[in-house]
Amino acid sequence: VQLQASGGGLAQTGGSLRLSCAASGRTFSNSLMAWFRQGPGKEREFVAGVTGSGSTLNYGDSVKGRFTISRDNAKNTVYLQMNNLKFEDTAVYYCAARSTPSRVVFTGRHYYQYWGQGTQVTVSS
C-alpha cells in the first residue's frame with residue numbers, strides 16, 4: 001500500500017482546509033485509515049480514523065467538533081476536512097493505513113503499517 005497525502009497549506013485562524021490521501025492497492029476498502037499529525041517539537045499524535053466500511057469514526061480530543069474524516073472507497077481516498085482551524089493545529093499531517101480489517105479505530109501509531117509522506121499545515125494567528 002502506498003499513500004499520497006495532499007491538500008496542506010497556509011490558512012488563517014478560523015479558516016478551513018481539506019486534506020486528501022490517495023491510496024494504492026486492492027485492499028483499501030478493508031483498510032483502517034487514519035490521520036496523525038506532528039507539530040514542532042511534539043510527538044506524533046492521532047487526529048482521526050475511520051474503519052474500512054466508514055461505519056466507525058474516532059477523533060482526537062483536540063479536534064472533535066472541528067475536523068471530519070471521510071472516505072471514498074471507489075476512489076481509494078480518505079479525506080480530512082478541517083474547520084475552525086487554530087494556531088495549534090499547525091503540524092505535518094500524515095495519513096496511515098492498517099491493512100488488517102478492524103471494527104475499531106486504533107489511536108496508537110504502532111497499529112498502522114503504512115504511512116504517507118506528510119503534508120504541512122500552517123495556521124497563522
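Look a little higher up for the structure.
Residues numbered from 1 in each chain as written. Predicted model: local features only at pLDDT ≥ 70, side-chain atom pairs only at ≥ 80, totals over all residues. Heavy atoms only, no water.

### Considerations on unusual backbone geometry
This is how it is decided: Under the scheme used here, helices are H or I runs from DSSP no shorter than 4 residues and strands are E runs no shorter than 2 residues, and both carry numbers assigned from the N terminus.
Positive phi outside glycine occurs at Asn 76, with the angle close to 55°. Positive phi, normally seen in glycine, also occurs at Asn 84, with a value near 50°. Here Asn 84 shows up in the loop between strand E8 (77–82) and strand E9 (91–98).

### Considering the sheet that holds strand E3 (residues 17–23)
To be explicit about the condition: Strand pairing follows a simple DSSP-based rule, namely that at least 2 bridges must link the two strands. Angles run from 0 to 180 degrees between N-to-C directions of axes, and those axes are lines fitted to C-alpha atoms, restricted for helices to the stretch in contact.
Strands sit in the order E1-E3-E8-E7 across an open sheet of four strands; the sheet is antiparallel. The open sheet has two edge strands, strand E1 (3–6) and strand E7 (67–72), and neither has a second partner. Each strand of the sheet is rotated relative to its neighbour by a mean of 15°, with strand direction disregarded. Alignment of E7 against E8, held across six bridges, turns out to be antiparallel. Paired with Thr 68 across the bridge in E8 is Gln 81.

### Notes on the pattern of salt bridges
Note the cut-off: Salt bridge, as applied in this entry: a Lys or Arg side-chain nitrogen positioned within 4 Å of an Asp or Glu carboxyl oxygen. Exposure categories follow from relative accessible area, calculated using a 1.4 Å probe and restricted to protein chains: below 20% of the type maximum is buried, above 50% is exposed, and the middle band is partly exposed.
Summed over the entire model, instances satisfying the criterion amount to five salt bridges. The residue Asp 89 makes a salt bridge to Arg 37 at a minimum N-O spacing of 2.9 Å. With Asp 89 in the loop between E8 and E9 and Arg 37 in strand E4 (residues 32–38), this pair connects stretches of sequence that are 52 residues apart. Under the relative-accessibility criterion, Asp 89 is labelled buried at 0%. With a shortest N-O distance of 3.2 Å, Asp 61 and Lys 64 are connected by a salt bridge.

### A word on the environment of Trp 35
Locating Trp 35 in the fold gives a position in strand E4. Since its relative accessible area comes to 0%, Trp 35 is described here as buried. Along the sequence, Trp 35 and Tyr 93 sit 58 residues apart, while their C-alpha atoms lie 6.8 Å from each other.

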